[in-house]
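For reference, the chains in residue letters:
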Amino acid sequence: MVKFYQHTSSFEHAWDNVTYAFWLRYPNPFASHVVGCDVVDRQVDPVTGVLRTTRLILKQGVLPRWGRGLIKNPDAYIIEESEVDPRTQTMVTRTKNLNHVRVMQVEETQTFTVHPENPKWTQVKTEARIISELKWGLTGRVEAFGINKFMDNSVKARKGMAHILERLRQNAALAA
Amino acid sequence: MSSSIGEKCTQIKQEYDGCFNSWYSEKFLKGDATPKCDDLFFKYKECLLKTLEEKKLDTLLADARKDNPFPNSASSSASSAGSSSESSK
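Residues numbered from 1 in each chain as written. Chains lettered and ligands numbered in written order. Predicted model: local features only at pLDDT ≥ 70, side-chain atom pairs only at ≥ 80, totals over all residues. Heavy atoms only, no water.

A. Just the overall build of chain B, in detail. Of the regular secondary structure elements, chain B holds three helices and zero strands. Starting at the N terminus, the α and β elements of chain B follow one another as α-α-α. For chain B, with 89 residues in total, the buried portion stands at 45%. Look at the contacts in chain B between residues 6 or more apart in sequence, and 48% of them connect residues 24 or more apart. Here chain B has roughly 5200 Å² of accessible surface; of this, 50% comes from carbon and sulfur atoms. (Helix = DSSP H or I, 4+ residues; strand = E, 2+ residues; numbered from the N terminus. Buried < 20%, exposed > 50% of the residue type's maximum accessible area, 1.4 Å probe, protein only. Contact = heavy atoms within 4.5 Å. Areas by Shrake-Rupley, 256 points an atom, 1.4 Å probe, with all protein chains shown as cover.)

So this is what it looks like as structure tokens:
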């Protein structure tokens, strides 16, 4: 079974700053479960000028009671692949969990573009797919849990980005 | 700046992050993609690769990266993205 999620939101900050904040977003007070984040690969395509990055993120998991029998190690590794095209001002990021995939696989794609109505703002389109291959009637429950958890996390991730963006704005104001 | 998954890599990781952050905001976004942090990235990656091996994450990561995350992308080096940072010269 698969569940889909789609959402569009915006930041009242310029695209440049939002993409910069994306790199700076850990640590932040809304992501205390993120204990490590590494750049595995990064290169600029010589032809297109697109920056492509692969990062590995370690999250210390918090499991519901029924999940403790399914998962021995609650740590989750996340792979995050991204492309930044400065010419078209588009950043696309794709994340998915590397372990616990049989219990649940969450794939998220985010697209950051200049807001169509205000060039000083940024629009973020989020699409996610949540898949569980568990049997014995657990699938629906796991996916329902997954979508709720995913939405909780999206709110936290947004708050984290907003926090970093505010800090960047303050720093810029100080430097001016 | 965030810590590395490998404790011993955190210092070099943060040095690299510092370099990347200024390159990204001051150069890359302004249209200058000339690399600046390759030496630091090389050192950092050396440390990180050891950590990934120790934690047995290397194969997990390699498997996950087999799928092209950007099949519609214009990025021409997509198929060799797994090799190393060589092409960022």
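What follows picks up the thread again.
B. Structural detail: the state of the cysteines. All names here are of chain B. Using the criterion set out here, one finds two disulfides over all chains in the structure. Paired by a disulfide, C9 and C47 hold their sulfur atoms 2.2 Å apart. Taking the torsion about the S-S bond as the criterion, the C9 to C47 disulfide, at about -90 degrees, is left-handed. Here C9, found in the segment before α1 (10-26), pairs with C47, found in helix α2 (residues 38-54); they are 38 residues apart in sequence, far enough to count as distant. A single burial state applies to C9 and to C47, both of which are buried. Between C19 and C37 runs a disulfide, and the two sulfur atoms are separated by 2.1 Å. Where C19 bonds to C37 through sulfur, the torsion about that S-S bond is close to -90 degrees, and the disulfide is left-handed. On the criterion of sequence distance, the pair formed by C19 in helix α1 and C37 in the loop between α1 and α2 is long-range, its members being 18 residues apart. (Disulfide = S-S within 2.5 Å.)

C. Highlighting the nonpolar core. Membership of the largest hydrophobic core comes to 44 residues, with the highest contact counts inside it found for L51 and L56 of chain A together with Y24 of chain B. For this core, the secondary-structure elements that each account for two or more residues are α1 (15-24), β2 (34-44), β3 (51-60), β4 (75-85) and α2 (138-175) of chain A together with α1, α2 and α3 (58-64) of chain B. The element best represented in this core is α1 of chain A, accounting for seven residues. Ranked by size, the runner-up nonpolar core spans ten residues in total, among them Y5, M104, L134 and V142 of chain A. (Core = buried A, V, L, I, M, F, W, Y, C linked by side-chain atoms within 4.5 Å.)

D. Looking closely at α1 of chain A. Among the ten residues of α1 of chain A, eight are classified as buried, and the element is accordingly described as predominantly covered. Among all positions of α1 of chain A, only W15, V18, T19, Y20, A21, F22, W23 and L24 of chain A are buried.

E. Quick peek at the interface of chain B and chain A. Taken together, the contact between chain B and chain A spans 44 residues of the former and 40 residues of the latter. For the pair chain B and chain A, the two sides together bury roughly 3600 Å², of which 60% comes from carbon and sulfur. The interface formed by chain B and chain A includes two salt bridges. Linking chain B with chain A are 13 residue pairs in polar contact (both at pLDDT 80 or more), by the criterion used here. Of all elements in the fold, only α1, α2 and α3 of chain B reach the threshold of two or more residues within the side of chain B that touches chain A. (Buried area = accessible area lost by both parts, 1.4 Å probe. Salt bridge = Lys/Arg side-chain N within 4 Å of Asp/Glu carboxyl O. Polar contact = N/O pair within 3.5 Å; in protein donor to acceptor, adjacent residues only side chain to side chain.)

F. Structural view of α1 of chain B. With 17 residues, α1 of chain B ought to run about 24 Å at 1.5 Å a step, and its terminal C-alpha atoms sit 24 Å apart, in line with that. Within α1 of chain B, twelve of the 17 residues are buried, which leaves it mostly tucked inside the rest of the structure. Inspection of α1 of chain B places T10, I12, K13, Y16, D17, C19, F20, N21, S22, W23, Y24 and S25 of chain B among the buried residues, and these make up the whole buried set. Summarising the contacts, the buried residues of α1 of chain B are in contact with α1, β2, β3 and β4 of chain A together with α2 of chain B. (Expected span 1.5 Å × (residues − 1).)

G. Inspection of the pattern of salt bridges at higher detail. Tallied over the entire structure, the rule returns eleven salt bridges over all chains. When the shortest N-O distance is used, the salt bridge between R129 of chain A and E107 of chain A registers 2.9 Å. One end of the pair, R129 of chain A, is in strand β7 (residues 122-131); the other, E107 of chain A, is in strand β6 (residues 105-114), with 22 residues separating them in the sequence. In this structure, the salt-bridge partner of K8 of chain B is E54 of chain B, at a minimum N-O distance of 3.3 Å. Residue K8 of chain B is found in the segment before α1, and its partner E54 of chain B is found in helix α2; the two are separated by 46 residues along the sequence. Each member of the pair K8 of chain B and E54 of chain B is classed as exposed. Put simply, R25, R55 and E80 of chain A are held in one network by salt bridges that share partners.

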